[in-house]
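Spelled out from the first residue to the last, the chains are:
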2 protein chains.
Amino acid sequence: MRYPPSLALLIEELKRLPGIGQKNAQRLAFYLLKAPTERAEALSRAILEMRSRIGSCARCFNLAEEKLCPICQDPGRQSSYLCVVESPRDLMAIESTGQYRGRYHVLTGVLSPMKGIGPEDLTIGDLVHRVDDEKTEEVIIATNLDVEGEATSSYLVNLLKPKGIRITRLARGIPVGGSLENADQVTLRMALDGRNVV
Amino acid sequence: MRYPPSLALLIEELKRLPGIGQKNAQRLAFYLLKAPTERAEALSRAILEMRSRIGSCARCFNLAEEKLCPICQDPGRQSSYLCVVESPRDLMAIESTGQYRGRYHVLTGVLSPMKGIGPEDLTIGDLVHRVDDEKTEEVIIATNLDVEGEATSSYLVNLLKPKGIRITRLARGIPVGGSLENADQVTLRMALDGRNVV
């Protein structure tokens, strides 16, 4: 016997989710079958609500349910600092440290000649306008430390350098809790180059 | 910054799913945020459709979208064999072997004095009626091999024995691919007791 069609369909849809295989999808589907009706309905509704409500902040391209995201709306944020990230998830990772009180700019991706993604596909034009309009004093480039993130960083440095503002990049080095033994050579070299006086 | 409310709500709902923690729920929520609209809508709809369509088979209590499940509707199934399982998932596990051509009876649970689940909370009354009505020749008890499954099995044996039909239980022993070294003592003893002439 196969699964009833509606259950089989749900399992197929669940399998499309990242990291969810056949066994896991079956487990989730059976949970949703046995859960109280209001739980299944709440999940179903939450998916649609989220999709209909969330858009991009008109200024920084962070996730926003209104025209501007909560950070752009917050007058307590220092607009002289602009932290450039690839995605809203990276923004939230930095926010979770509670350390940064400046503003952000979300590129909505990285430069990737392989995938045909050029500067005009990202929000780089908007970034340049913001740096001019908002009297930015420091741009903190927080793209990922992979090949595409580094290439995007270099591109931004070349673009913004002529403006005479301070441009910084997140520190590279051994992660906290990490061991030298397990660190790759490039990271080790960067950790040496960036060594601090104690 | 916190997540936008609608995204936070979706993450909360995803976290209720079994085996989905905070990180995983975030990952799934962001996937659903970025996925094509039709994918998110299809998942949302599949949950509701499944809930509204699936009920219990009026005869064997398997999952069914119609009055009877596909197995009870299938005239090719031998009604002289009745395999008793705890849940539709167990039924599907047996079906997946392709070995069994009889019919099933789903108990919808197991006896559990601890949880206050007695015979009247399961479909045991229906099972007795079926054995009488359908001229069952053999009842194969396929409850799980844990304490509650074994207790339920004993109860059924005592109940059905007087009817003079054949009552069998799934074989217990070392699982295929399993090693004696890793098998527990009870399983080893059962494997010895149930040894076969080769």
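Refer to the structure printed above.
Here is a short report on the structure shown in this document. Computed from a predicted structure; not experimentally measured. (Residues numbered from 1 in each chain as written. Chains lettered and ligands numbered in written order. Predicted model: local features only at pLDDT ≥ 70, side-chain atom pairs only at ≥ 80, totals over all residues. Heavy atoms only, no water.)

A closer look at the pattern of salt bridges
Quick note on the threshold: Here, a salt bridge means any Lys or Arg side-chain nitrogen found within 4 Å of an Asp or Glu carboxyl oxygen. The classification of residues rests on relative accessible area computed with a 1.4 Å probe and restricted to protein chains. Under 20% of the type maximum is buried, over 50% is exposed, and intermediate values are partly exposed.
Applying the stated criterion across every chain yields a total of 24 salt bridges over all chains. Across the pair glutamate 13 of chain B and arginine 16 of chain B runs a salt bridge whose closest N-O atoms are separated by 3.5 Å. What makes arginine 16 of chain B partly exposed here is its relative accessible area of 43%. In this structure, a network of salt bridges that share partners links the residues Glu13 and Arg16 of chain A together with Arg39 of chain B.

Observations regarding the environment of aspartate 126 of chain A
Residues and elements named next belong to chain A. Rules: Runs of H or I in DSSP of at least four residues are treated as helices and runs of E of at least two as strands, each being numbered from the N terminus. Contact between two residues is taken to exist if any of their heavy atoms lie within 4.5 Å; hydrogens are not considered.
Along the chain, the position of aspartate 126 falls in helix H6 (residues 124-133). C-alpha separation for the pair aspartate 126 and valine 106, spaced 20 residues apart in sequence, amounts to 9.9 Å. Setting aside residues up to four positions removed in sequence, aspartate 126 forms contacts with Phe61 and His105.

What to know about helix H1 (residues 5-15) of chain B
The test is simple: It is the directions from the helix axis to the C-beta atoms that the arc portrays.
Buried within H1 of chain B we find Ser6, Leu7, Leu10, Ile11, Glu13 and Leu14 of chain B. Down the axis of H1 of chain B, the sector holding all buried residues measures 165°, keeping them to one side. Against the buried residues of H1 of chain B lie helix H3 (37-53) and strand E2 (63-64) of chain A together with helix H2 (22-34) of chain B.

Comments concerning the interface of chain B and chain A
To be explicit about the condition: As a working definition, buried area equals the accessible area (1.4 Å probe) given up by two parts on being put together, with both sides summed. Polar contacts here mean pairs of N or O atoms no more than 3.5 Å apart (in protein, one a potential hydrogen donor and the other a potential acceptor; neighbouring residues in sequence count only if both atoms are side-chain atoms).
With 50 residues of chain B in contact, the opposing surface of chain A contributes 51 residues. Here chain B packs against chain A, burying approximately 4700 Å² in sum over the two surfaces, 72% of which is carbon and sulfur. If you look at where chain B meets chain A, you find two salt bridges. Here glutamate 13 of chain A and arginine 39 of chain B are joined by a salt bridge, their closest N and O atoms 2.9 Å apart. Put simply, chain B and chain A have 15 residue pairs in polar contact (both at pLDDT 80 or more) between them.

Let's talk about the relation of the copies chain B and chain A
Rules: For this overlay, a least-squares fit was computed on C-alpha atoms, restricted to residues scoring pLDDT of at least 70 in both copies.
The transform that puts chain B on chain A rotates by 180° and translates by 0.0 Å along the axis, for an RMSD of 0.1 Å. Those values place the two copies in the arrangement expected of a two-fold rotation axis. For chain B, the residue whose C-alpha comes nearest the rotation axis is serine 44 of chain B, separated from it by 2.1 Å. When the interface residues of chain B are mapped onto chain A, 100% of them are again interface residues, pointing to one common binding face.

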